[in-house]
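Tertiary structure, described
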Amino acid sequence: MTRTTMGGALLRIAPVAAATAVAIASVFGLLMAPTPGVSRERADYVVIAGAPGLRWDDVDPVNTPTLWTVAQRGAMGALSVRSAQRPTCPADGWVTLGAGNYAMRNMAPAVGECPPLAVTVETPDRIGAKLPDQQDLVLYHQDQLPWGSVPGALAESVRCTAAIGPGAAIAAAHPFGRVDKYAAVPPPDLAGLLASCRLGIVDLGIVSGTTPATRKVAAARVDRGLAQVLAARPERSLLLVAGLSDTDQTSRLHVAIADGPGWSGGWLTSASTGRPGYLPLVDLAPTALAALDEPAPQRLFAGHPADRTEGRPADLAAAVGRLSDADTEAGAQRRVSAQFFAGLAGVQALLFVAVIPLLRRARRHGGPMPYRRPPRYLFLAAEIALTAAALAIPAALLADGIPWWRSGRPGLVFLAVSMVALAVATAAVLVRPLRRRTLGPFIGVAVAAAAIVGLDLLTGARLQLNGVAGYSALEGGRYAGVGTVGLGTFLAGLLLTAGYAAQRVPRRWRPPLIAVLGGIGVLLVGSPYLGADAGGAVALTAGVCIAAALATGGWLTFVRLAWAMLAGLAVTTGFALLDLRRPEEQRGSLGRFLTQLGDGSGGPVVHRTGAANVVAFATSPLTLLAISSALFVWFALLRNWGGLKRLFGLYPAVRAGFAGVAVASVIAGLFNEAALNVAGAAAATVVPLAALGALQVLGHADDRTVALDDPLAAGQPAPVDEPTADPTADPTADPAPEPAAKPAPTTDPPATSPPAMPYRDDLPHRAASAPPATAGEVLP
C-alpha cells in the first residue's frame, strides 16, 4: 500500500474513530462512581424526635437553647417533607416516616390550615397500643397509590419500637396496627422506656402559627420536650430531630439534625439528594436502620441512608442562616416560577402571531402588482424581539445569581434583574460581527444557552437549585444536577450549535463532529458528578444520533434510521450494563429501573411515571408553550411562505440539529416524568430562533453575489478601448478606413441569465436594515 493510499484511508477512518472515541469516553464518564460517604459508627439505639412544622428560622440560642446545642454538636441540614399528599400535613409526615416511602393518612387534601392530628390509639394493655385503621390504610396504599409503600415497614424491620405521643404511634405502628410499647405523654421513667427498645420515636408537638410570637411559643415548647429526651437518651444512641411536615398550604424546608457517634458537625446529605445540606423525609427510616446495622426491607423504602459531609461554617449562626435563606429562596421560587413561565408562554404566543405578517412579506416578490415590503424598522424590531425571546430562560438562570428572594417584593426584583440580564445578553448577541451573517444571531443564542447551563453544571448547578428556571428542593424530586428546564435549554443550544458547526465543515466530517459535541453533552448531562440525569443522557444520545444521520442532507431513510438506532442502543446498553455493576445504592435511575423490572417491582414505577407525566402535562405552563410553538411551526414556518423549508434546504446540518432537539426533548420528558416540560423549555429557545432564521433567509432570498472584477454588475460603465497611435505613421496621411461592421448574429442569445453563486453564510451580507449594496460589495 502506497503512502498516498494509506493517507486516504486514514482520512476516511478519522471521522469514525473520533466519534467512537468520544462515545466510549462519554459512557465511562457517565459511570464515574460518586465519592463514597463518610464511614459512620454504629449506634446501639436510635431516637427519632419529630416536631411537625419546625423550621430553621424558629431556632435561636435564646428561645431554643437545646436545639441550638444539638445543632452545634451534630450534623444539620434542610429537610424536604414530600409525601404522597400535597401539602404534607402532620399525619402524612408521621406515616411517611413509618413507611420509609411516600405515604399519606389524610385522604383529602388540606384547604388552608392542616387538620388537627386525629388518630385513634387503643391501649388494651399498659404496654403497647393498637391503631384500628392501620390495616385499611395499608390496603389503600397497596391498591390506590403507585409508590409501593407499606405503612409500618420501619417498625416491622426492628424487633421492638417504643412510641411516645399520638404522632409517634402512627410512625411506630406495624402494618397490622400493633405498637410494641406506647405512652401518650413522656412517663416519669422516660429513660427506661427509651432503653427498652432499640428504636424510639417521640412526638415533640407541632410548631404552627402565622405570627412570629405564636411560633416562638410553640418552638420553646418543643425545645423543652427535646431537653427531656436528651436527658433520657441511652448511651451510644443516635438522635434524629426532624420537622416532619408542613402545617398549611405553604410548603417549606424544615429542621433536620443528627447527633450521635460519627455525626459530629458537618452537613447532612445522602444519595437521594447528592447535595450537602439537604435531606428528604424518606431518608430518615433508612438512616435509622443503617445506624442500627439492620437490613432495610427489600423494595419498600424509597430513600437512602444519610451521610455527613464537611463544609459547614464554623459559626453556627452562619450555618443556620444559610439553611433559613435556602428555605426563603425555595418558597419564593415556587411562586415566581409559575408566574414567569406563564408570562413567557403568553409573550411568545403573541410574538409568534405578530411575526406571521412579516414572514408572508419578507421576500421581495416581482410581478405586475408587487406588494410593498414592511418597513425595515419592523424587521429590526422582530429580530431583537425573537432574539430576546430565545434568551429568556438563559437570562432567568443568570438572574438567580442575585439574591432577589431576600427583598420584600421578590417577584418584581426578579423581573428587574432578569430584564437587565436579558438586555445585556441580547445586545451581546446582536453585535455587528454576528449580525453581518445570516445565522449570526442564531448561533450566538445557541452557544449562549448551552454555555450558561453547561458552566452551571460544572460549578455545582448552583443557579438551578431553588432557581426560577431550575428546580425546587420543596418538590423533593431533584436537589442536584440538571433540571427539567435546564435540560431542555441545554440540549437545544448544544444540538443547534453542533448543527451550525457541522454546516461549516466538509460533508464527511459532519456526522463525526455532531457525535463529538454530542458526546461532550452526554457526559455533562449524565455524569453523577455533573448533570446526574441518566434519562436525559439517554434522550440526548438519541437526539445526537438522529442529528448525525441527517447532517449530510437528504431524508431520514431506513438505513440512516437503523444506524442511528443501533448507535443509540449500543451507548444506552453499555451505560446500563456498567451501571448495574455498581453497588445498588450508587446506581443511577436507569440501573434502578432495570433492577426493579428484574425483581418484579417495575409495575408501580411504570404506573407512577405515567401518572406523573399526566399531571405534568395538565398543570405546567410549559405544556402551553410547547403546544403553541408546535402550532406556529406547523401552520406558519413550514408553509411555502414561512421560510423554514428554505432555511433547511440551505443549511441541512442545521435542519439535523432541529430534528435532534425535537427527538431528544420528547424522550427526555417521558423518561423524567415531565411530559412536555422539557420540550417546552427547548421550544422557548428553538422556535424563536427558527423564526429568526426564516426571516433572515427570506429577506436575502433574491440577493446575488456581485463579482468584484465585474464593473457591469457593479453598475459602472464598461471601459472603452481607445485606438493606439502608430509612432511611425505619417501624421499628414489620411486616416485608415474603419473596418466593416460585423454582421449581426443570425440567432438570438440564450434567454437565461448566468446561474447565481451558491448561498454562503461565511460571506458577509446586508442586514435587513442596511442600505442598498454599492459597487464592489460582496452579497450572499
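Our focus in this paragraph is the pattern of salt bridges. Under the criterion given, the structure shown has 14 salt bridges. Its salt-bridge partner being Arg 55, residue Asp 57 comes within 3.4 Å of it at the nearest N-O pair. Overall, the relative accessible area of 40% leaves Asp 57 in the partly exposed class. Note that Arg 252 is salt-bridged to Asp 327, the shortest N-O span being 2.8 Å. You can see Arg 252 sitting in the loop between strand E8 (237-242) and strand E9 (254-259) and its partner Asp 327 sitting in helix H10 (residues 316-361), a full 75 residues away along the chain. Residues Arg 252 and Asp 327 agree in their burial class; the two are buried. Each of Arg 55, Asp 57, Arg 252 and Asp 327 takes part in a single network of salt bridges with overlapping partners.

Moving on, we come to the state of the cysteines. Counted by the stated rule, this structure contains two disulfides. Residue Cys 89 pairs covalently with Cys 114 via a disulfide, S to S 2.1 Å. Disulfide Cys 89-Cys 114: the torsion about the S-S bond is -80°, which places it as left-handed. Of this pair, Cys 89 sits in the loop between strand E2 (75-80) and helix H3 (90-99) while Cys 114 sits in the loop between H3 and strand E3 (129-130), placing them 25 residues apart in sequence. Covalently, Cys 160 is tied to Cys 197 through a disulfide, its sulfur atoms 1.7 Å apart. Placement of the pair is Cys 160 in the loop between helix H5 (153-156) and strand E4 (161-164) and Cys 197 in the loop between helix H7 (190-195) and strand E7 (199-203), with a sequence separation of 37 residues. The exposure class assigned to Cys 197 is buried, which follows from its relative accessible area of 2%. For the chain, the bonded cysteines pair up as 1-2, 3-4 when numbered in the order they occur along the sequence.

Now for the nonpolar core. By size, the foremost hydrophobic cluster in this structure holds 149 residues, and its most contacted members are Trp 56, Leu 540, Phe 632 and Leu 695. Looking at this core, the element that brings in the most residues is H10, giving 17 residues. Excluding anything up to four places from it in sequence, Leu 695 contacts Val 355, Leu 358, Leu 359, Ala 362, Phe 379, Ala 382 and Leu 386. By size, the runner-up hydrophobic cluster in this structure holds 47 residues, among which are Leu 97, Ala 103, Ile 170 and Leu 289.

Let's shift gears to the side chain of His 141. Mapping His 141 onto the fold places it in helix H4 (residues 134-144). Judged by relative accessible area, which is 0%, His 141 ranks as buried.

It is worth spelling out the packing of aromatic side chains at this point. If you walk through the whole model with that rule in mind, you get nine aromatic pairs. Seen from their ring centres, Tyr 102 and Trp 147 are 4.7 Å apart, and the 55° between their planes marks the pair as tilted. Here Tyr 102 is found in the loop between H3 and E3, whereas its partner Trp 147 is found in the loop between H4 and H5, with 45 residues between them in sequence. Overall, the relative accessible area of 11% leaves Tyr 102 in the buried class. Measuring from ring centre to ring centre gives 5.9 Å for Phe 442 and Phe 658, while their planes differ by 45°; the resulting arrangement is tilted. On the criterion of sequence distance, the pair formed by Phe 442 in helix H15 (residues 440-458) and Phe 658 in helix H24 (residues 652-671) is long-range, its members being 216 residues apart. An aromatic cluster is present here, built from Phe 340, Phe 341, Trp 404, Trp 405 and Phe 414 joined pairwise through their rings. Taking the ring centre of Tyr 102 as reference, the NZ or CZ of Arg 82 above it sits at 4.7 Å. Positioned over the ring face of Trp 641 is Arg 360, at 4.6 Å from the centre of the ring.

Our focus in this paragraph is empty space enclosed by the protein. According to the stated counting rule, one finds three cavities of 30 Å³ or more in the structure shown. One number sums up the size of the largest cavity: a volume of about 80 Å³. Considering the residues around the largest cavity, the lining is formed by Ser 80, Val 81, Arg 82, Gln 85, Arg 86, Pro 87, Thr 88, Asp 246, Ser 251, Arg 252, Arg 334 and Leu 474. Partitioned by chemical class, the residues of the lining of the largest cavity number three nonpolar, four polar and five charged.

So, how was this worked out
- Residues numbered from 1 in each chain as written.
- Predicted model: local features only at pLDDT ≥ 70, side-chain atom pairs only at ≥ 80, totals over all residues.
- Heavy atoms only, no water.
- Salt bridge = Lys/Arg side-chain N within 4 Å of Asp/Glu carboxyl O.
- Buried < 20%, exposed > 50% of the residue type's maximum accessible area, 1.4 Å probe, protein only.
- Helix = DSSP H or I, 4+ residues; strand = E, 2+ residues; numbered from the N terminus.
- Disulfide = S-S within 2.5 Å.
- Core = buried A, V, L, I, M, F, W, Y, C linked by side-chain atoms within 4.5 Å.
- Contact = heavy atoms within 4.5 Å.
- Phe/Tyr/Trp six-rings, centres within 6.5 Å; stacked < 30°, edge-to-face > 60°.
- Lys NZ or Arg CZ within 6 Å of the ring centre and 35° of its normal.
- 1 Å grid on protein atoms, 1.4 Å probe; cavity = no way out; pocket = protein on both sides within 12 Å on 5 of 7 lines; lining within 4 Å.
- Points joined across faces, edges and corners; volume = space filled by probe spheres on them.
- Nonpolar A, V, L, I, M, F, W, Y, C, P; charged D, E, K, R; others polar.

Treat this as a map of the structure, not an account of what it does.
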